Amino acid sequence: MSTDNELDELYRELILDHYRNPRNSDYIHEAQHKAEGFNPFCGDQVNLQIMADKSGTIEAIGTQGKGCSISQASASMLTETIKGKSLTRAKSSSDAFRRLLRGEHLEESELDDLGILEAFQGVRKFPVRIKCALLPWTTMEEALER
Ligand code: ZN
């Protein structure tokens, strides 16, 4: 069993890794769902594209942006988490992530679903950062409404 400090350190490294080497950063021109998000509190910017097939499975996802490590790592991890899932499932992951950041109770299955996004649970100690972590997710919700 690792101590809280070791876990924090592990999470910090995971976040920095995604910040420095963002996954799925190619722009998806053919995507049906696109949105751009901006967090004025921190200056973070996130562009997001989602391409789904006829059955509603996410085939490709792209994200580009600039800003703090929390916002950009969250965008990168979002893409890894929802790629290959259904649009409905992506929306429920978004809901679960929001509750994780609020420190609310999550079912075991929801935690499994979030996977590495659990790394963001430390962010709840810094309320100002919650907006950074959520930006890619609110941007995705906006994209899916179009
Ligand atoms: Zn930020």
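Residues numbered from 1 in each chain as written. Predicted model: local features only at pLDDT ≥ 70, side-chain atom pairs only at ≥ 80, totals over all residues. Heavy atoms only, no water.

Undergrad: Sorry if this is basic, but what is going on with the environment of Asp113 here?
TA: When you line up the elements, Asp113 lands in helix α4 (residues 108-114). With 82 residues separating them along the chain, Asp113 and Ala31 place their C-alpha atoms 24 Å apart. Ignoring anything within four residues of it in the chain, the contact list for Asp113 reads Thr81, Lys85, Arg89 and Ser93. A polar atom in the side chain of Asp113 sits 3.2 Å from the side chain of Lys85. (Helix = DSSP H or I, 4+ residues; strand = E, 2+ residues; numbered from the N terminus. Contact = heavy atoms within 4.5 Å. Polar contact = N/O pair within 3.5 Å; in protein donor to acceptor, adjacent residues only side chain to side chain.)

Undergrad: How do you make sense of the packing of helix α1 (residues 4-20) against helix α2 (residues 69-82) when you look at a structure like this?
TA: Relative placement of two packed helices is described by the angle separating their axes and the distance separating the axes. Contact geometry for α1 and α2: axes closest at 8 Å, N-to-C directions at 85 degrees. Taken as axis vectors, α1 and α2 run roughly perpendicular relative to one another. Across from Leu14, Ile15, His18 and Tyr19 in α1, the residues of α2 making contact are Ser69, Ile70, Gln72, Ala73, Ser76, Met77 and Glu80. Taken together, the residues that form the contact of α1 with α2 break down as six nonpolar, four polar and one charged. (Axes fitted to C-alpha atoms, helices over the stretch in contact; angles between N-to-C directions. Parallel < 35°, antiparallel > 145°, perpendicular 65-115°, else oblique. Nonpolar A, V, L, I, M, F, W, Y, C, P; charged D, E, K, R; others polar.)

Undergrad: I would appreciate a short explanation of the nonpolar core in the present structure.
TA: Note that soluble globular proteins tend to have their nonpolar side chains buried in a common cluster. Residues Ile50, Ile70, Ile82, Phe97, Phe120 and Met140 are the most contacted members of the largest nonpolar core, which totals 31 residues. Contributions of two or more residues to this core are made by α1, β2 (44-52), β3 (58-66), α2, α3 (87-102) and α5 (127-144). Among all residues touching Ile82, those that are not within four sequence positions of it are Ile50, Ile58, Ile61, Ala90, Trp137 and Met140. (Core = buried A, V, L, I, M, F, W, Y, C linked by side-chain atoms within 4.5 Å. Buried < 20%, exposed > 50% of the residue type's maximum accessible area, 1.4 Å probe, protein only.)

Undergrad: Help me out: how do you make sense of the coordination of the zinc ion in this one?
TA: The coordination sphere of the zinc ion, as far as protein atoms go, consists of Cys42 (SG), Asp44 (OD), Asp44 (OD), Cys68 (SG) and Cys132 (SG), spread over 2.1 to 2.8 Å. When the donor residues of the zinc ion are listed from N- to C-terminus, their spacing reads C-x1-D-x23-C-x63-C. Within this pair, whereas Asp44 is found in strand β2, its partner Cys132 is found in helix α5, the two being separated by 88 residues in sequence. Grouping residues by exposure puts Asp44 and Cys132 together as buried. (Donors = N, O, S within 2.8 Å, 3.2 Å for Na, K, Ca; no water.)

That is the geometry; function is a separate question.
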